[in-house]
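A look at the structure
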Amino acid sequence: MDAHYDIVMKARQQAGEGRRFYFAYSTILDRAAFEEWRAQHSYQFFDLPEGRAGEAVELTLVYDFPSRWWGGRVAGLADAKGSSVHGLVFEISEKDWPIIQHKEGAVTGMCVERPVQVKLADGTVVDAIAFTTNPQRASSDGPVSDRFIEAISRGAEAAKLPAAWVAKLRAR
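Counting restarts for each chain, with residues numbered from 1 along the sequence as it is written. Restriction of local features to residues with pLDDT of at least 70 applies here, the model being predicted, together with a cutoff of 80 or more for giving and counting side-chain atom pairs; totals for whole chains, interfaces and linings are based on all residues. Side-chain measures were taken over the full set of non-hydrogen atoms in the model, leaving aside hydrogen atoms and water.

**Thoughts on the layout of surface pockets**
Over the atoms a probe the size of a water molecule is rolled, and this reveals where empty space is left. In this structure, the largest pocket occupies an estimated 870 Å³ of space. As defined here, a cavity is a set of points on a 1 Å grid over the protein atoms alone where a 1.4 Å probe fits but cannot get out. A pocket is an open set with protein on both sides within 12 Å along at least five of seven lines, and residues line them when an atom is within 4 Å of a point. Lining the largest pocket are 33 residues, and of these Ser67, Trp69, Trp70, Lys103 and Met110 lie nearest its centre. Taken together, the elements giving at least two residues each to the lining of the largest pocket come down to helix H2 (31-40), strand E2 (52-67), strand E3 (72-93), helix H3 (97-104) and strand E5 (125-133). Taken together, the residues of the lining of the largest pocket break down into 16 nonpolar, 11 polar and 6 charged. For the second largest pocket, the calculated volume is near 240 Å³. Around the second largest pocket, the lining is made up of 14 residues, and of these Leu29, Arg31, Leu88, Ala158 and Ala159 lie nearest the centre. When residues of the lining of the second largest pocket are traced back to their parent elements, those giving at least two are E3 and helix H4 (146-158). Grid points are joined across faces, edges and corners, and a volume is the space filled by probe spheres set on the points. For helices the rule is a DSSP run of H or I covering at least 4 residues; for strands it is a run of E covering at least 2, with both sets numbered from the N terminus onward. The classification used treats Ala, Val, Leu, Ile, Met, Phe, Trp, Tyr, Cys and Pro as nonpolar, Asp, Glu, Lys and Arg as charged, and all other residues, Gly among them, as polar.

**Some words on unusual backbone geometry**
The backbone of Ser42 shows a phi angle near 65 degrees, a positive value even though the residue is not glycine. For Ser42, the location among the structural elements is in the loop between H2 and E2. Backbone geometry places Glu58, a non-glycine residue, at a positive phi of 65 degrees. Mapped onto the elements of the fold, Glu58 is located in strand E2.

**A short note on the packing of aromatic side chains**
Each aromatic pair joins two rings of Phe, Tyr and Trp (for Trp, the six-membered one) with centres within 6.5 Å, and gets the label stacked for planes under 30 degrees apart, edge-to-face for over 60, and tilted for any other angle. Enumeration according to the criterion identifies 13 aromatic pairs in this entry. Ring geometry for Trp69 against Trp70: centres 4.7 Å apart, planes inclined by 80 degrees, an arrangement best described as edge-to-face. You can call Trp70 buried: its relative accessible area is 15%. Within the aromatic cluster, the residues linked to one another by ring pairs are Tyr5, Phe34, Trp37, Tyr43, Phe45 and Phe46. Per-residue accessibility, obtained with a 1.4 Å probe over protein chains only, is compared with the maximum for each type, and a residue is labelled buried under 20%, exposed over 50%, and partly exposed between these values.

**Topic: the side chain of His41**
Position of His41 relative to the elements: it lies in the loop between H2 and E2. The term polar contact refers here to a pair of N or O atoms within 3.5 Å; inside protein, the definition further demands a hydrogen-donor-capable atom paired with an acceptor-capable atom, and it admits residues adjacent in sequence only when both atoms are side-chain atoms. Reaching out from His41, the side chain makes a polar contact with the backbone oxygen of Trp37 at a distance of 2.9 Å. Setting aside anything within four residues of it in sequence, one finds His41 in contact with Asp2, Tyr5 and His102. In what follows, a contact means two residues having at least one pair of non-hydrogen atoms within 4.5 Å.

**Examining the environment of Thr60**
Tracing the sequence through the fold places Thr60 in strand E2. Overall, the relative accessible area of 24% leaves Thr60 in the partly exposed class. As for Thr60 and Ser83, which are separated by 23 residues in sequence, their C-alpha atoms are 5.9 Å apart. When near neighbours in sequence (up to four residues on either side) are disregarded, Thr60 contacts Gly76, Leu77, Ala78, Ala80, Ser83 and Val85.

**Regarding the pattern of salt bridges**
Salt bridges, as used here, are contacts in which a Lys or Arg side-chain nitrogen is within 4 Å of a carboxyl oxygen on Asp or Glu. Going through the model one piece at a time under the given rule, you end up with 9 salt bridges. Salt bridges linked by common partners bring Arg20, Glu94 and Glu113 together as one network.

Spelled out as structure tokens, the structure:
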């Protein structure tokens, strides 16, 4: 365990009783990568609930965070009229939200939360929270991580996101 774990556990103790929608579009969708991260950080007690496929509107992926762990740049979100990003919407309890913040890099300042609108398969639009690169840490230096592209593609495929989306991710 590390200092981040202690921060997360304290935040869990102080959390309220509410729930929020979380839009996941990145490596958290890759079950193998998520389970490895979960074990490394002692969160075996946490499981993601069932997610619903959705499309975050007026957004695109940008590879703007150089990650030593991934060996290259990884994806964040940028506003883009007429574009969309596919992913899953999860309903997360306030108590578990700090774990999501840790996984997404908000605890370390790598990412920040941002509101998104997500169109679900049934046409319903929900307000959700996604994570994107902290603007103070964004950079286009270095190559995009091939290992990240494989993980994000594998996760999108496992989540049964549209085949055209998976192909677009792989083509990056």
